[in-house]
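Overview (structure and organization)
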Amino acid sequence: MCGIVGYVGTQQALPILIEGLRRLEYRGYDSAGIVLFEGNSLTAEKSAGKINKLEEILRGKTFNATEGIAHTRWATHGEPTDLNAHPHFDCKNKIALVHNGIIENYRALKVVLEKQGHKIGTDTDTEILVHLIEEYYEGNLTEAVRMALTQVEGTYGIAVISSYEPGKIIAARKGSPLVIGHGQGENFVASDVSAILAHTKRAVYLNEGEIVTVTADGYVITTIDKVHRTPHVEEISWTLDMIEKGGYNHFMLKEIHEQPSTLGNAIRGRLNFEEGIPRLNGLNLQYDQLRRIKRIIITACGTSWHSALIGEYMIEELAKIPVEVEYASEFRYRSPVIEEGTILFVISQSGETADTLAALREARRRGVTVLGICNMVGSSIARETDGGVYIHAGPEIGVASTKAFTSQIMVLALITVLLGRMRHLSVQQGMDLMHSLQAIPEKVDRILQKEAEIKKIAERYYKTNNFLYLGRGINFPVALEGALKLKEISYIHAEGYPAAEMKHGPIALIDKNLPVVVIALRDSVYDKVLSNIAEIKARNGQIIAIANEGDTEIAERVDHVIYIRLFPCNFLPIIWRY
Ligand code: M6R
C-alpha cells in the first residue's frame, strides 16, 4: 500500500519526510520519492527499491527546504521503476504530486491531455492528474486541484506542492485516507498518523471529497463542491512506543505478544457483572431497539471477515438471532435483500478498507442501521457508522492482522452476550460468560509462553510447499484464518477447510508430505474431529493438533500437539455447561 507524508513549517523538511516514510514502511512498498521546495524551484529524488536507496541518493547533498512531500509507492499502474515512482510533475516541473489510489479513467484523460500538448512520460495513472492540474492552473493551486478532481473517476489521497505558490500543500481524499497533523507554526499531511506522531498528536481526519490547503500557520478545508468545512481536531492517544518494535524482531511478533494486554483492553470497563450485561454504549442502541433486531448481516474483508464468521456462530448460538456473513466486496456490488429489522455490522481493523466502506454506504443508503467494530479511532468507518464498538487494540503495524483478529472476536463475544441478555440468557449466564471472557487474556499469555515449542514445529515444516488447516464448527473460521496467515507471511500455499469437507475432495492431496493443522478441542464435535484425524493418518499425513490441556489421548494419534486452555474461539462451549 502506498504512503504519503508532507511537511510545511520552519524546520528542515527532509529529515521529517524521511522519518515519516520510514514510519510508513510497514505498509509495504516498492519505490520511494521525495520533492522539496528549495530556492525558487522543486527538487526531487525518487527511486525504485527501499528507502535506504533513496537515502543513499540524497546523502552528501545539502538542502535548505522547509516544505516538501514524499511517497512510498506500491506499483499498480506501471512497473516499480525510478521513473514511475512518485512524485510526478507537470510539463514545466512547477507542480509536483504524490497519490495513493487509482485513477480509473486515466486512459481517456491521457488522450485528451496529449492532444492538448502535454508530454506524459510515465506508465502511471497518477501522472495524468498532475497534468490535469497544470491544465486548470490559472493562479490558484487549490482551485486547479479542485477542478482536476472533478474530472477524475477512481480513488485518491493526494498531496500537491508547487513553486507557483510556495508554502502550501494542497491535499484531497476520496477513498484513500488522509490526515492533517496540527502543529505549532508547522503542519503535516499524511496517509496514516504513524508518519507524523513523532511531531504532533493533534490530528484532523479529512472526510471523503474534501480538499485542504495547508500552510505553516493553518489549514482551510472545503469540499469538492466548495462548501467550507470546520476542522475537528482529535487528540491521538497513541504513544511513539506503540508504533515501534520494542525489542521484537518485527512488528507482527510484537503484536502477537501484545494480545494478553489488547484483549484486556477490549473488555476494560465494559463488564457489568451486577446485571450480567456488557456496557457497549457506543452502539447507540437502547435495550428495546436491541430486542427488536430480527436479523444481522456482518460484512468485512480478509481476517475481519473470518472474525465475522466466528461472530455468526456465537450470536446464533447464544442470542438466537439469524446472522449472515458476507464479503464486503460482494455485498457492495450485488443487490442484497435487506428485510425490516435487519442491522448491519461492519468489521475493520483499519476502518478504511474500500470495499467495507462501500458496503457500509450502500447499506446506509437503504436505510439500514450500520454499526462498526473498528480499531482505528477517527477512521472513515468509525465516523460513518451509526454507532459501534472500538476494539482498542492499538496500532497494528504488521501487515498480517493478529491482535486485531482476537480483539474483534472479543468484542463480538461482548455483543453476543449483550444480545443474548436481551433475549434468552439469565443474569447468572451473562455474569458467568463475562467471567470467562475476563479469564481469556491470562490463557492467551500461557499460549504465548509456548513460543519455543511452537517454533520447533515451524522449523520442522518451513520448507513444505502446502499446508491444510482443518476445524469444525466455530473452529472452522479459525482454520481459515490460520491458512490465511501462513500464506501471507510464509508464502506457503495453505487451505482452510471445515474438517468434514476434507473427504469431499481435498483428501486426495493428503500424503506424507502434507502437514495438516487440526483444531481438535474438547467440544461437541471432538469425536468427529478424531475421525478426521484417523482419515488423515490412513494416508500418512503429518498432523499438528491444537488440543486442550490434559488431552493426552490425542498425542498418540498425531505427530505434534500444541496444548491450550480455553481461548476466544472456544468461548461457545462454555455456555454448554449450563
Ligand atoms: O483493515 P481491515 O480489517 O478492513 O482489513 C481487511 C483485510 O485487508 C485484512 O484483514 C487482511 O486480510 C489482513 N491484514 C490479513 O492478515
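Residues numbered from 1 in each chain as written. Predicted model: local features only at pLDDT ≥ 70, side-chain atom pairs only at ≥ 80, totals over all residues. Heavy atoms only, no water.

**Comments concerning helix 14 (residues 427-448)**
Here is the rule we go by: Counting from the N terminus, the helices are the DSSP runs of H or I reaching at least four residues and the strands are the DSSP runs of E reaching at least two. For a helix, the expected span equals 1.5 Å multiplied by the number of residues minus one. Across the chain, bend at a residue is computed as the angle between axes fitted to the seven residues ending at that point and the seven starting from it.
With 22 residues, helix 14 extends 33 Å from end C-alpha to end C-alpha; this agrees with the ideal 32 Å at 1.5 Å per step. Approximately 35 degrees is the largest bend angle found in helix 14, and it occurs at Ile-440, with the proline Pro-441 only one to four residues beyond.

**Some points on the state of the cysteines**
This is how it is decided: Working definition: a disulfide is two cysteine sulfur atoms within 2.5 Å of each other.
Tallied over the full model, the rule gives 0 disulfides. For the unlinked cysteine Cys-374, the closest cysteine sulfur is that of Cys-301, found at 12 Å.

**Topic: the site of the ligand**
Using the following cut-off: The near set for a molecule or strand comprises every residue that places at least one heavy atom within 4 Å of it. Any pair of N or O atoms that falls within 3.5 Å is considered a polar contact. Within protein, one atom must be able to donate a hydrogen and the other to accept it, and sequence-neighbouring residues count only if both atoms are side-chain atoms. Only the protein chains shown count as cover for residues, and the accessible areas themselves come from Shrake-Rupley with a 1.4 Å probe. We call Asp, Glu, Lys and Arg charged. Ala, Val, Leu, Ile, Met, Phe, Trp, Tyr, Cys and Pro are nonpolar, and the rest, Gly among them, are polar.
The ligand sits among 13 residues. The nearest are Ser-304, Ser-348, Ser-350, Thr-353 and Glu-488. Here an oxygen atom of the ligand and a side-chain polar atom of Ser-350 are 2.6 Å apart. Residue Ser-401 places a main-chain N or O atom 2.9 Å away from an oxygen atom belonging to the ligand. Coverage of the ligand by the protein amounts to 80% of the 410 Å² it exposes when considered alone. Going through the elements one at a time, helix 9 (302-318) and helix 16 (475-490) are the ones with two or more residues in the shell around the ligand. Looking at the shell around the ligand, its residues break down into 3 nonpolar, 8 polar and 2 charged.

**Here's the deal with the domain arrangement of the protein chain**
A common way to express how large an interface is: the accessible area buried when the components associate. Definition in use: In this entry, domain limits derive from an automatic or database-based domain assignment. Note on contacts: a residue pair qualifies if any of its non-hydrogen atoms lie within 4.5 Å across the two residues. The quantity reported as buried area is the accessible area (1.4 Å probe) lost by two parts once they are put together, taken as the sum for both. Note on definitions: salt bridges are taken to be side-chain nitrogens of Lys or Arg within 4 Å of carboxyl oxygens of Asp or Glu.
As assigned here, the protein chain comprises domain 1 (3-236), domain 2 (251-448) and domain 3 (451-577). Between domain 1 and domain 2, the contact holds 9 residues from the first and 11 residues from the second. Here domain 1 packs against domain 2, burying approximately 850 Å² in sum over the two surfaces, 52% of which is carbon and sulfur. Viewed at the interface, domain 2 and domain 1 are joined by 2 salt bridges. When the shortest N-O distance is used, the salt bridge between Glu-208 and Arg-361 registers 3.4 Å. Between domain 1 and domain 2 we count 3 residue pairs in polar contact (both at pLDDT 80 or more) in total. Residue classes in the side of domain 1 that touches domain 2 are distributed as 4 nonpolar, 1 polar and 4 charged.

**Remarks on the packing of aromatic side chains**
Selection rule: Pairing of aromatic rings covers Phe, Tyr and Trp, the last through its six-membered ring, and needs centres within 6.5 Å; plane angles under 30 degrees mean stacked, over 60 mean edge-to-face, and all others mean tilted. Throughout this description, buried means an accessible area under 20% of the type-specific maximum (1.4 Å probe, protein chains only), exposed means over 50%, and partly exposed covers the range between. Sitting over a ring, as applied to charges here, requires NZ of Lys or CZ of Arg to be within 6 Å of the ring centre and within 35 degrees of the ring normal.
Tallying each qualifying case throughout the model produces 5 aromatic pairs. Taking the centre distance of 5.2 Å and the plane angle of 55 degrees together, the rings of Tyr-7 and Phe-188 count as tilted. Of the two residues, Tyr-7 is situated in strand 1 (residues 3-8) and Phe-188 in strand 10 (residues 187-190); the sequence distance between them amounts to 181 residues. Each member of the pair, Tyr-7 together with Phe-188, is buried. Ring plane angle 15 degrees and centroid distance 3.9 Å describe the contact between Trp-305 and Tyr-327, whose orientation is recorded as stacked. One end of the pair, Trp-305, is in helix 9; the other, Tyr-327, is in strand 19 (residues 323-327), with 22 residues separating them in the sequence. Classification of Trp-305 as buried rests on a relative accessible area of 11%. In this structure, Lys-50 packs its charged tip against the face of Tyr-29, placed 4.3 Å from the ring centre.

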